[in-house]
Amino acid sequence: MKHLNIFYLLCMVVVLSACSSTVEKTSSVISNDDITTYTAEDFFATTSVFGSSINHDGNAVLISSNETGIFNAYKMPLDGSAKTALTNSTTESIFGLSWFPNDERILYQADEGGNELDHIYVRELDGTINDLTPGDKLKANFAGWHENDSSFYITSNERDPKFFDLYHYQVSDYSRNMVFQNDAGYAVNSISPNGQWLALTKNNSNADSDIYLVNLKDNNPQPQLITAHEGDVAHAVYTFTRDNNTLIYATNAYGEFNQAWSYDIATGKKQLEFKADWDVSFLYFSKDGQYRVVGVNQDAQTKLYMNNIATGEKLELPNIPGGDLRGVNFSNDSSRMVFYLNSDTSPSNLYVYNVGDDQATRLTNTGNPKIQESHLVDGEIIRFKSFDGLEIPGILYKPKQAENRKVPALVFIHGGPGGQSRKGYSALTQHLVNNGYAIFKINNRGSSGYGKTFFHLDDKKHGDVDLKDVVYNKYYLQSLDWVDADKIGVMGGSYGGYLTMAAMAYTNEFEAGVNIFGVTNWVRTLKSIPPYWESFRKSLYDELGDPATDEQRLHDISPVFFGHQVKKPVLVVQGKNDPRVLQVESDDMVAAIRKAGTYVDYLVFDDEGHGFSKTENRINASNKYLEFLEAHLNK
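Here is a short report on the structure shown in this document.

Here is what the cut-offs are and how they apply
- Residues numbered from 1 in each chain as written.
- Predicted model: local features only at pLDDT ≥ 70, side-chain atom pairs only at ≥ 80, totals over all residues.
- Heavy atoms only, no water.
- 1 Å grid on protein atoms, 1.4 Å probe; cavity = no way out; pocket = protein on both sides within 12 Å on 5 of 7 lines; lining within 4 Å.
- Points joined across faces, edges and corners; volume = space filled by probe spheres on them.
- Helix = DSSP H or I, 4+ residues; strand = E, 2+ residues; numbered from the N terminus.
- Nonpolar A, V, L, I, M, F, W, Y, C, P; charged D, E, K, R; others polar.
- Expected span 1.5 Å × (residues − 1).
- Buried < 20%, exposed > 50% of the residue type's maximum accessible area, 1.4 Å probe, protein only.

### Describing the layout of surface pockets
Space inside the second largest pocket adds up to approximately 390 Å³. Leu304, Tyr305, Met306, Leu315 and Glu316 are, among the 19 residues lining the second largest pocket, the residues nearest its centre. A total of five residues in the lining of the second largest pocket trace back to one element, the largest contributor, which is strand β25 (residues 302-308). Counted by class, the lining of the second largest pocket contains eleven nonpolar, four polar and four charged residues.

### Re helix α4 (residues 465-478)
Here α4 contains 14 residues, and its C-alpha end-to-end distance of 20 Å stays within 8% of the 20 Å for a straight helix at 1.5 Å per residue. Judged by how many residues are buried, α4 sits mostly within the fold: ten of 14 residues are covered. Turning to α4, its buried residues are Val465, Asp466, Leu467, Asp469, Val470, Val471, Asn473, Lys474, Tyr476 and Leu477.

### Structural notes on unusual backbone geometry
Going from Gly416 to Pro417, the amide bond is cis rather than trans, its omega being 0°. Secondary-structure assignment places Pro417 in the loop between β32 (407-413) and α2 (427-434). A positive phi angle is found at Asn244, which is not glycine, with a value near 70°. Relative to the helices and strands, Asn244 is located in the loop between β19 (235-240) and β20 (246-251). For Asn244, a relative accessible area of 9% translates into the label buried. At Lys460, a residue that is not glycine, the phi angle is positive and equals roughly 55°. Counting through the fold element by element, Lys460 comes out in the loop between α3 (452-455) and α4. By relative accessible area, which is 39% here, Lys460 ends up partly exposed.

As structure tokens, then:
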């Protein structure tokens, strides 16, 4: 099972550097096609909101919102009254994690300038901030609450940068003790509600992994393998049941897709919990154990299944607008639930539902009232045949302008390797589509969500078969009578940025390319991965190649060494603090293209990393993309 976070492009996050030139802001206009177009300022006047932790009184939810231009934590009352800011950062994005079980303290996480070295903080009742994980170079993660509500868990790599140990913290004074020292490269996944059982995973290869259980009450707790098997089978952990007796886990042992299975800790008995004709993405329970929530990745959209565990009865919601249901969470007694609705034409909005009522109440209005949803475009799931006849899925956005004339088009490539483009609101996507650009968000071979065979078709074939999928995506777009066959570009971030540069360096198919912090030197990148990726280093090498033994092949698929072959204009963007794709990657790529005399625009943003979160940067980035495409693709 590939790790979807490897070089993964943060969904709907775009970048722009701090550069000497500025992009002029314009107001909404009516185009020559009599189609209403909007500016980046309009699209990014929407608000991004997430988070669903309900407080101990059951009357408010902890959310993170970027309404001020940067993410902060807020208390959102469930009665519809105005929210209250809990943090007021103006420099670093703050992401709320959880209320404390018995009071109004909160836990949140934040890094510095996008360096991904997250710390876990407490906001005290008086508003003061307490860093629970002090240190210069460590990374920490919140790992959940103990069912006694008087303690919680955090993982940290402070002892060894390569490995995350598990610490048990007390609510009363934040004192802590290490309960599991991780010396063997396990990934710490889930702790049972009573704190007795710890579930770990370990990668044997990029297609094979195992689950281990640790009894933390033992004097010398040792991981015990519970998924002995033959051949390549991938496993992952979902959660423990609320009675602490059963682990729910994922396995692809029984077909192409991940199924949910249960493991009885006392007997070792395993049985099927839930399956679908797609991957089961997640499974969890309400705190009191009344409800089970299952998410299925159904053709780039999430389909939820919720049921009462005792009766088996489905939990049906009253009439709500269309879109993906996300972020479901219940109050302590399961009498209330909160959730988000998101669609291609509407950003996520938070709802509250009193179970049994005949309606749900919308709590947020994250869209820009200036923008009419009817002016935006809903993506269509499309499949086309690649060079070898394999069907490649993706999402096609057809601009309104295409009703009157042929339009330019972009192949948009997700991050990864192993990511997936999915349905849902993207201000960047809608801005470009609204201004007349068709976008095909390709899920090339190697993408997640389409079965394990499809998932591994690009292993050690990067820059080859996946690049051919991108080229054949272009041919598909050229077959559409509303696309201008001579104006097709390529764009992507992270791994998608790599394939963008590969398309520009190894083919002459695309008229322009936008490379958003893409890998361009695989030898250096694979030698310089962050130490805290140690638990999946082998999986990464299995998929892409080990720089110690595969250096020549990695050299040959690295666009930086072939910058002289880039013949069409390129825009490169990079975060100065990016720990995954170092700035030197883009520096060298730009230098190689310029040396060959081809036009390249280079932007370095000084205060962000691998995926940018500040609204002003997103606005400027989207304006810059449009400016570049208008000058070099739609000329």
